[in-house]
Amino acid sequence: MKDNKIFSILQRVGRSFMLPIAILPVAGLFRGIGGSFTNAAMIETYGLTSILGEGTILHSLLTVLNACGSVVFDNLPLLFAIGVAIGMAKNEKAVAALSAVIAFFIMNSAMGALIELTDAVNTLPDGSIGVNLGITTLQTGVFGGIIVGLGTAALHNRFYKIELPQVFSFFGGTRFVPIVCAAVYLLVGIGLFFICPIIQRGILAVGGLVLRYAYPA
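All values reported here derive from a predicted model rather than from experimental measurement.

A. Just the side chain of N132, in detail. Mapped onto the fold, N132 is located in strand β1 (residues 129-132). On the basis of relative accessible area, N132 is assigned to the buried category, the value being 11%. Ignoring anything within four residues of it in the chain, the contact list for N132 reads P77, F104, N108 and T137.

As structure tokens, this is what we get:
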């Protein structure tokens with residue numbers, strides 16, 4: 001019985017990943033076509049400047065196509081946060097999606113504020129820090145989005161029917177979910193700020209060992 005429950009949960013997790021993954025082929029097609037046919041070297045090599053060169057209608061359309069494909073890949077962490085939250089939520093999936101967005105912003109804003117306060121830009125390994133939705137934050141990538149999605153769904157399923165004392169009743173039920181998600185992911189963001197650099201340094205150390213043994217001096 002326990003194995004069946006675990007398998008059922010894993011199935012739900014897998015299905016929740018399919019929601020954001022489903023858009024990737026189309027986004028990849030947009031990005032591939034747009035990027036390839038606006039490449040200056042390719043245009044010059046095949047003598048297509050008059051048709052695809054800068055200033056032409058086709059070049060403008062392909063540039064737009066490339067941008068539309070790129071925006072999906074650039075924001076995959078947020079898409080996974082929303083998709084996983086929707087897939088794992090049992091009911092009131094719209095509330096779970098909104099809560100995931102709020103949690104994602106809170107988590108990254110917490111890390112961004114700590115980066116500024118501690119001057120971490122000058123101490124963390126190269127590539128550790130990036131810009132996500134206008135927020136300077138740690139590069140947690142899709143993994144960060146999955147953490148937000150799974151955690152938000154768990155909090156949502158636990159609290160979306162909560163009943164608060166009469167004086168706080170307005171904040172009960174589904175309204176409580178984004179509140180608790182904001183509070184939890186404030187703490188998660190602070191925790192990740194201290195944990196992620198340790199993991200990144202460990203990965204770099206392992207990579208250095210592999211390179212040392214694979215390509216001895």
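B. Layout of the environment of T136. Among the structural elements, T136 can be located in strand β2 (residues 135-138). A residue is classified by how much of its surface remains accessible, and T136, at 38% relative accessible area, is partly exposed. It is 8.4 Å that separates the C-alpha atoms of T136 and A113, two residues lying 23 residues apart in sequence. Contacts of T136, omitting those with residues within four sequence positions, involve N108, G112, I115, I129, G130 and V131.

C. Spotlight on a nonpolar patch on the surface. Residues I23, V26, L29, F30, I33, F37 and L79 make up a contiguous nonpolar surface patch of roughly 530 Å² in combined accessible area. Per-element tally for the nonpolar patch: the top contributor is helix α2 (residues 24-36), with 4 residues. With respect to the element layout, I23 can be found in the loop between α1 (2-21) and α2.

D. Representation of the packing of helix α5 (residues 57-74) against helix α6 (residues 76-88) in the model. Their axes nearest at 5 Å, the elements α5 and α6 cross at an angle of 65°. Facing V72, F73 and D74 of α5, the residues of α6 in contact are L76, P77 and L79. When grouped by side-chain class, the residues that make up the contact of α5 with α6 number 5 nonpolar, no polar and 1 charged.

E. Fine view of the confidence of the model for the protein. Put simply, the protein has an average pLDDT of 88, and 96% of its residues get 70 or more. Per-residue pLDDT, averaged within each element of the protein, yields its smallest value for α1 (77) and its largest for helix α7 (residues 93-118) (95).

F. Representation of the nonpolar core within the structure. Residues M107, M111, L138, V148, L155, Y185 and F193 are the most contacted members of the largest nonpolar core, which totals 28 residues. Of all the secondary structure elements, the ones that give two or more residues to this core are α6, α7, α8 (141-159) and α9 (176-214). For this core, the element with the most residues is α7, which contributes 9 residues. Setting aside residues up to four positions removed in sequence, L138 forms contacts with N108, M111, I115, L124, S128, I129, L192, F193, C196 and P197. In this structure, V13, F80, M88 and A153 belong to the second largest nonpolar core, which totals 7 residues.

G. Examining the packing of aromatic side chains more closely. Scanning all chains against the criterion turns up 4 aromatic pairs. Measuring from ring centre to ring centre gives 6.2 Å for F17 and F80, while their planes differ by 65°; the resulting arrangement is edge-to-face. Of the two residues, F17 sits in helix α1 while F80 sits in helix α6, which places them 63 residues apart along the sequence. Judged by relative accessible area, F80 falls into the buried class, the value being 8%. One Lys or Arg, R175, reaches over the ring of F170 and ends 4.4 Å from the middle of that ring.

Parameters and conventions
- Residues numbered from 1 in each chain as written.
- Predicted model: local features only at pLDDT ≥ 70, side-chain atom pairs only at ≥ 80, totals over all residues.
- Heavy atoms only, no water.
- Helix = DSSP H or I, 4+ residues; strand = E, 2+ residues; numbered from the N terminus.
- Buried < 20%, exposed > 50% of the residue type's maximum accessible area, 1.4 Å probe, protein only.
- Contact = heavy atoms within 4.5 Å.
- Patch = residues over 30% accessible without salt bridge, like charges linked within 9 Å, V, L, I, M, F, W, Y side chains within 5 Å.
- Areas by Shrake-Rupley, 256 points an atom, 1.4 Å probe, with all protein chains shown as cover.
- Salt bridge = Lys/Arg side-chain N within 4 Å of Asp/Glu carboxyl O.
- Axes fitted to C-alpha atoms, helices over the stretch in contact; angles between N-to-C directions.
- Nonpolar A, V, L, I, M, F, W, Y, C, P; charged D, E, K, R; others polar.
- pLDDT = per-residue confidence, 0-100.
- Core = buried A, V, L, I, M, F, W, Y, C linked by side-chain atoms within 4.5 Å.
- Phe/Tyr/Trp six-rings, centres within 6.5 Å; stacked < 30°, edge-to-face > 60°.
- Lys NZ or Arg CZ within 6 Å of the ring centre and 35° of its normal.

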